[in-house]
Each structure stands twice: as C-alpha cells, then as structure tokens.
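Read off the chains here:
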Amino acid sequence: MRLSFEWIGRALINNAAVEKLLMQLSLTRCADSRIVKEGEGGCSGGEKRRVSVAIQLLTNCSILFCDEPTTGLDAATALQVVQVLKDLTVVGITVVMSIHAPRSDIWNQFDHVILLSSGSLMYEGPKDGATRHFERCEYAMPAFFNPAEFIIDITSDKSRVGDMKAQFAETVEMIPSEQSSPRVQNAPLASRKLPSSRKRCQVLTKRTMKMCTRDARFLVGIGCTVGALAIVNGWIFWQLDETQRGIRSRQGSLWVATGLYGYLLLISEICRLIEDIRLFDHERRDGITSSSAFLFSRRIVKLTWEDLSLPTIFTAIYYPMVGYRANAAQFFMFWLIMVLTHAVSTGVATLSVAITRNFYGAGLMGNIYFTL
C-alpha cells in the first residue's frame, strides 16, 4: 500500500474511488488479499501487475509509463494486463508502454508504435502502417503471420538496419507536416496539492498499524526470543547474593542484559527497516511523504507494540531470576534502563539504515557502535 496525493487529501479519501479502481482493473476478487512473495499464496502475477497500475492511478495521473508490464507473465495473463491498460485510454489516460515480442492479439491493442533496433528508429506511426512501411522497403509480410514477430525477424538482422533506417528517414521527409502521423498530445497533468503533515502522519500511522497486525508472527517471535534471552541469562546469574563476589556479578549481569538485549533489537530493527525503507524512498521521491512523518508514525505505533512491551517482558523475567532487590523503585529503574536501551538500539539502527540502504553496511555500522 503506497501513499498518493489525492488518496490522502481531505476530500478525496473515499472508498468509492478505491472501489471504482478495483472494478476497473478487475481486482475485486483479491481486494482483501495480501501482496506476498511467490509461493506464499496471495495475489497472482497478473493481479500484482494490475495492483501496480492501480497504485499509480491513485495519483490521478494523465500519463502512465509501463516498462515491460508483461514480462514474466503467461500469454493469457499478459493479454489481460494489456487489455486493462487499453481500457484506461478510453477514459483519457495516455499509456506509454515498452514491450518485446508481443503476441498478435496484444499487438492489435496498440494505437501508435515506435519500433527500435540496435538503438536506431525503424518506424514510428500508427500500428496499421507498420507492415505497409516494411512492404515499401521490400519486406512483405506473409499471410496469417504475427506482425510483431515479422517485424522482429527482419529488424533483428543488423545488415538490414542501416537501409531500413535510411528508408524510413526518406519516408518521413516526403510526408508533409500536416499529413504526418498523429502525435500523442501532452495531456495536462492533474494538479497536485501536497498533503499536510497531520494527514501524512495519520495515514502512515494507520498503515504501519495494519502492517504490524499482519506481521503478528514476527512480533510473537521477537517476544519469545526476548523471553528466552532473559531466561538463559537469568539462569546464568541465578539469585546473586550480597557478597563482594555477588556485587561484581551483578555488574556483569547489568552489562550482559543491556548489551545482548540491545544487540538483538539492533539487528531485528535493521532487518525490518531495510524492507520498509524501500517504500519510503519511493514515496519520498514522489514528494508525498517526509522523513519526520515516516519516523513519527513508525515509533508511535511501535511504542506499545514493542518499545514498552519487550523491555517489560525482559524485565519481568530477568529481574527476579537474578535476585535484584525486591523494591518497586529499583524494579522501575531497571525497566527504565531497558526501555532506554531499546530506544538507543532502534535509533542506531535507523541511523545506520539512513546512511546506507544495504543490510551488510548497516549491520557493520551497528557492530562498530557496540564495539566502541
């Protein structure tokens, strides 16, 4: 789920617009499905492509650029995606698409084509005029043949490229400018109003909350890991006494608690941020969101999900096992130390990912921090 200008605008957030897109792109069947990796269920390949188109349409765009939208799809799904793009032109959206070796039924969906070979322009004009142009170049297409395959066959021969390029240039010079093939007119771009900071934070917070809810397995896993870490270390420092040796061991137990817990949270936060930062970078390039809105929404949601709950789990297990003083003030002080450790770890993880978007680089920076 990505943000868009209109989608987070005050008057333009409405279910009707979303439902219209779902109907227009035939996505009603998978409206509540998750976008997951291959082999994990969820949407099919064609549905994912149509979701990508829908995300761009949320910006109320007048021109849609599609780079190889049929790559990796089977023939039927590829045709379905192209038909969806063709339907968008009926409502006034200009679709510019790059494609290799289209089927004949996909070729028939095109209005205006530009044919390139080895970086040279072979033809530019109406789709129906392509085969006639190559006939004038003495390359007649056989009957019942796919025009796209025919054109690819003759333009893939590099020895012909120079002659066809020159012949096309001569043809263009012979056509008067008023009779030349119709050009795609630049449609006026829809006016975009930058959403307010409050609206950005509101939508981002809602989305982060939904993502945390869907990723409940990770939250359970990290909670169990923190609990196991507390149990193992609590068993190592089991019920320390008040002797000189016990006091020194208490110092070690505090160092181990903050060090291991902080390192665990650092690595887990880097792993998740590496995934989330890609979406943030995409939206920031579009001028839709900001760093402050992203960080605020992320921390406000995780405040209850992780920032307070995980230190509480660790403290509730580790504190009595080590045998620290049974005093409410001391217990609260230890809990506060763990909360601050959690905050520092997430802060270092955020800084590391902000500097380098690579997991290995961010992990190296985190390790350097702990070493120092």
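Residues numbered from 1 in each chain as written. Predicted model: local features only at pLDDT ≥ 70, side-chain atom pairs only at ≥ 80, totals over all residues. Heavy atoms only, no water.

Colleague: Describe the overall build of the protein chain, naming the residues involved and giving the relevant values.
Modeller: A tally of regular secondary structure across the protein chain gives 14 helices and four strands. At a minimum sequence separation of 6, the contacts of the protein chain that also span at least 24 residues come to 66%. With an accessible surface of roughly 21,700 Å², the protein chain has 60% of that area assigned to carbon and sulfur atoms. (Helix = DSSP H or I, 4+ residues; strand = E, 2+ residues; numbered from the N terminus. Contact = heavy atoms within 4.5 Å. Areas by Shrake-Rupley, 256 points an atom, 1.4 Å probe, with all protein chains shown as cover.)

Colleague: If you had to explain the UniProt feature "transmembrane region" (unreviewed entry) in the protein chain to someone new, which residues and values would you point to?
Modeller: As recorded in UniProt, the feature "transmembrane region" (unreviewed entry) lies at residues 216–238, 253–274 and 332–355. Along residues 216–238 one finds 91% helix and 0% strand; the C-alpha atoms at either end are 32 Å apart. Helix makes up 100% of residues 253–274 and strand 0%, with an end-to-end C-alpha separation of 32 Å. (UniProt positions renumbered as here; feature names shortened; annotations may be inferred.)

Colleague: Quick rundown of the pattern of salt bridges? Include the residues and the values.
Modeller: Summed over the entire model, instances satisfying the criterion amount to 15 salt bridges. Asp111 serves as the salt-bridge partner of Lys86, at 2.8 Å between the closest nitrogen and oxygen. In this pair, Lys86 is assigned in helix α3 (residues 75–90) and Asp111 in the loop between α4 (104–107) and β3 (112–117), connecting sequence segments 25 residues apart. When its relative accessible area of 24% is taken as the criterion, Lys86 is described as partly exposed. Here Asp111 falls in the exposed class, since its relative accessible area comes to 51%. Linking Glu275 and Arg278 is a salt bridge whose minimum nitrogen-to-oxygen distance equals 3.7 Å. Within this pair, Glu275 and its partner Arg278 are both found in helix α10 (residues 244–285), separated by three residues, close to a single helical turn. For Glu275, a relative accessible area of 47% translates into the label partly exposed. Overlapping salt bridges bring together Glu269, Arg272, Asp276, Arg298, Arg299, Lys302, Glu306 and Asp307 as one network. (Salt bridge = Lys/Arg side-chain N within 4 Å of Asp/Glu carboxyl O. Buried < 20%, exposed > 50% of the residue type's maximum accessible area, 1.4 Å probe, protein only.)

Colleague: Lay out a nonpolar patch on the surface in plain terms, naming residues and giving numbers.
Modeller: Judged by side-chain polarity, Phe332, Met333, Leu336, Ile337 and Leu340 come together as a nonpolar surface patch covering roughly 450 Å² of accessible area. Residue placement: Phe332 occurs in helix α13 (residues 328–355). Relative accessible area serves as the criterion here: at 45%, Phe332 is assigned to the partly exposed category. (Patch = residues over 30% accessible without salt bridge, like charges linked within 9 Å, V, L, I, M, F, W, Y side chains within 5 Å.)

Colleague: Please give an account of helix α9 (residues 216–236) that cites residues and values.
Modeller: Its 21 residues place the ends of α9 30 Å apart at the C-alpha level, agreeing with the 30 Å of an ideal helix rising 1.5 Å per residue. Turning to α9, its buried residues are Leu219, Ile222, Gly223, Val226, Gly227, Leu229, Ala230, Asn233 and Gly234. In a view along the axis of α9, the buried residues occupy a sector of 155°, so they form one face of it. Residues of α9 that are exposed and point over 90 degrees away from its buried face: Arg217, Val220, Cys224, Trp235 and Ile236. Looking at the buried side of α9, the elements it contacts are α8 (197–214), α10, α11 (291–307) and α12 (309–322). (Expected span 1.5 Å × (residues − 1). Arc of directions from axis to C-beta.)

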